[in-house]
Amino acid sequence: MKVLVTGGAGFIGSHLVDRLMEDGHEVRVLDDLSAGSLENLKGWIDHERFEFMHGDLRRRDICEKAVKGVDAVFHLAANPEVRIGTQSPELLYETNVLITYNLLEAMRKEDVKALAFTSSSTVYGEAKTIPTPEDYGPLEPISVYGGAKLAAEALISGYAHTFDVKAVVFRLANIIGKRSNHGVIYDFINKLKKNPNRLEILGDGTQRKSYLHVSDTVEAMLYLFKEFLKEDKIYDAYNIGSEDWITVKEIAEIVSREMGLNPEFYFTGGVDGGRGWKGDVKVMLLNIEKAKAKGWKPKMNSYQAVEKTVRELLGKE
Ligand SMILES: O=c1ccn([C@@H]2O[C@H](COP(=O)(O)OP(=O)(O)O[C@H]3O[C@H](CO)[C@H](O)[C@H](O)[C@H]3O)[C@@H](O)[C@H]2O)c(=O)[nH]1
């Protein structure tokens, strides 16, 4: 299969590229390198089945060039920062909604008929049902980021049904692992490198979410995409996460321990009842029964994934 991976130089994207290349596919990456890096793809740059395109999906001509001749698109390009919603809603709209529209238009023109999209647990907002299944509703995101992901999902569903594109949406929990360059673990490590005696924790530390290692994530995406292609359905959505959760305070304890430190924890208190920032969902756990019924399940739980990620980011493994 010839595959386009948007955002393929980024954290999750580059791990997906690794697997696609190892499985013998032809892979084209489109990435603007705003957050991703060629370093993440260094094993593949000169490979005959690999092609890198440097470009911004906000440009329609670039999207059209990128989708030319591919059988399927994995759309991972996005700005993943929930916390910038208050300062930069337009950026989140452009880098999640507009680029998805551009990509769908390009796929329509070039007659590309299969799409996988990385959406987010944040589309559920403050769900009343925990763990939250895919058919939970009404969906009421509480961040601009979550709203943008939901808007992108909706566009994809509309295009899928109108133009016969087989499209599957993956609603991801908090994905962590090697090459991640944002998020709570990355932040804590950097804060402790600057000041080993004191760790600032945004919010009240009780934010409790499900974390999944990137290796489990990529495996789920590839497996479920393959299963989805075999089915008659034109559009589907899957939650991908682990079956337990962990608090931010517990993450702080793991990071401190792995760094051999015993810092004083300083809780900022945050906003709106202990959130790290406006729009931060305090409690998130996805129901993954649908993916499990297809034959996928995570190898690591949240605690194991956090521990492994800390070690990976510290260069210990
Ligand atoms: O210095 C920090 C950084 C983060 N946090 C807390 O740690 C939790 C996790 O924050 P991250 O920035 O790691 O992740 P988010 O939950 O905001 O979002 C992540 O997971 C989402 C899906 O669940 C989206 O996919 C999104 O792109 C991805 O960044 C939050 O509750 C936040 O308040 C702190 O307490 N201190």
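Residues numbered from 1 in each chain as written. Predicted model: local features only at pLDDT ≥ 70, side-chain atom pairs only at ≥ 80, totals over all residues. Heavy atoms only, no water.

Caption draft 1: A look at the domain arrangement of the chain. Taken as a whole, the chain is organised into domain 1 (2-175 + 211-240) and domain 2 (177-209 + 243-285 + 299-314). Once you take the C-alpha centre of each, domain 1 and domain 2 turn out to be 25 Å apart. The interface is formed by 28 residues belonging to domain 1 together with 33 residues belonging to domain 2. When domain 1 packs against domain 2, close to 2500 Å² is buried across both sides, 55% of that on carbon and sulfur atoms. Contact with domain 2 buries area across many residues of domain 1, yet Arg 83, Tyr 211 and His 213 alone supply 34% of it, more than any other trio. Taken together, domain 1 and domain 2 are joined by 4 salt bridges. A salt bridge links Arg 83 to Asp 187, with the shortest nitrogen-to-oxygen separation between them at 2.8 Å. When contributions to the side of domain 1 that touches domain 2 are tallied by element, the ones reaching two or more residues are α1 (11-22), β10 (211-213) and α6 (214-230). (Domains from an automatic or database assignment. Contact = heavy atoms within 4.5 Å. Buried area = accessible area lost by both parts, 1.4 Å probe. Salt bridge = Lys/Arg side-chain N within 4 Å of Asp/Glu carboxyl O. Helix = DSSP H or I, 4+ residues; strand = E, 2+ residues; numbered from the N terminus.)

Caption draft 2: Fine view of the site of the ligand. Within the structure, the ligand sits among 25 residues, and Pro 80, Ser 121, Asn 174, Lys 209 and Asp 280 are positioned closest to it. Ser 121 is positioned such that a nitrogen or oxygen atom in its side chain is 2.6 Å from an oxygen atom of the ligand. Between the ligand and Lys 191 there is a distance of 2.9 Å, counted from an oxygen atom to a side-chain nitrogen or oxygen. Protein contact buries 94% of the 700 Å² of open area that the ligand shows by itself. Per element, the largest residue contribution to the shell around the ligand is 4 residues, and it comes from helix α5 (residues 184-194). Two domains each provide a minimum of three residues to the shell around the ligand, namely domain 1 (2-175 + 211-240) and domain 2 (177-209 + 243-285 + 299-314). (Near = heavy atom within 4 Å. Polar contact = N/O pair within 3.5 Å; in protein donor to acceptor, adjacent residues only side chain to side chain. Areas by Shrake-Rupley, 256 points an atom, 1.4 Å probe, with all protein chains shown as cover.)

Caption draft 3: Molecular detail of α6. For α6, with 17 residues, the first-to-last C-alpha span of 25 Å sits near the 24 Å given by 1.5 Å per residue. Every buried residue of α6 is listed here: Val 214, Asp 216, Thr 217, Val 218, Ala 220, Met 221, Leu 222, Leu 224, Phe 225, Glu 227 and Phe 228. (Expected span 1.5 Å × (residues − 1). Buried < 20%, exposed > 50% of the residue type's maximum accessible area, 1.4 Å probe, protein only.)

Caption draft 4: A look at the sheet that holds strand β5 (residues 114-120). Overall, parallel pairing links the 7 strands, which are arranged β3-β2-β1-β4-β5-β6-β11 in an open sheet. The open sheet terminates on both sides in strands that have one partner only, identified here as β3 (50-54) and β11 (235-240). For this sheet, the mean angle separating the axes of adjacent strands, direction not counted, is 15 degrees. In terms of strand pairing, strand β1 (residues 2-6) meets strand β4 (residues 72-75) through 4 bridges, oriented parallel. (Pairing = 2+ DSSP bridges. Axes fitted to C-alpha atoms, helices over the stretch in contact; angles between N-to-C directions.)

Caption draft 5: Representation of the pattern of salt bridges. Overall, the coordinates contain 37 salt bridges when judged by the stated rule. For Arg 171, the salt bridge identified is with Glu 153, shortest N-O distance 2.7 Å. Of this pair, Arg 171 sits in strand β6 (residues 166-172) while Glu 153 sits in helix α4 (residues 144-163), and the two are 18 residues apart along the sequence. Overall, Glu 153 belongs to the buried group, its relative accessible area being 3%. Residues Lys 191 and Glu 200 are paired through a salt bridge, measuring 3.0 Å at the closest nitrogen-oxygen approach.

Caption draft 6: Just the side chain of His 213, in detail. Looking at the secondary structure, you find His 213 in strand β10. Given a relative accessible area of 3%, His 213 falls into the buried group. Setting aside chain neighbours within four positions, we find His 213 in contact with Ile 176, Gly 177, Met 300, Ala 305, Lys 308, Thr 309 and Glu 312.

Caption draft 7: Representation of empty space enclosed by the protein in the model. Evaluated as defined, the whole model comprises 1 cavity of 30 Å³ or more. Its volume calculated, the largest cavity comes out at about 50 Å³. Ser 121, Tyr 124, Gly 125, Ala 127, Ile 130, Thr 132, Val 281, Val 283, Met 284, Leu 285 and Leu 286 are the residues that line the largest cavity. (1 Å grid on protein atoms, 1.4 Å probe; cavity = no way out; pocket = protein on both sides within 12 Å on 5 of 7 lines; lining within 4 Å. Points joined across faces, edges and corners; volume = space filled by probe spheres on them.)

Caption draft 8: Up close: the layout of surface pockets. Estimates place the volume of the second largest pocket at around 180 Å³. In terms of lining residues, the second largest pocket is bounded by Met 1, Arg 19, Leu 20, Asp 23, His 25, Glu 219, Leu 222, Tyr 223, Phe 225, Lys 226, Glu 227 and Leu 229. Per element, the largest residue contribution to the lining of the second largest pocket is 7 residues, and it comes from α6. For the lining of the second largest pocket, the residue count by class is 6 nonpolar, 1 polar and 5 charged. (Nonpolar A, V, L, I, M, F, W, Y, C, P; charged D, E, K, R; others polar.)

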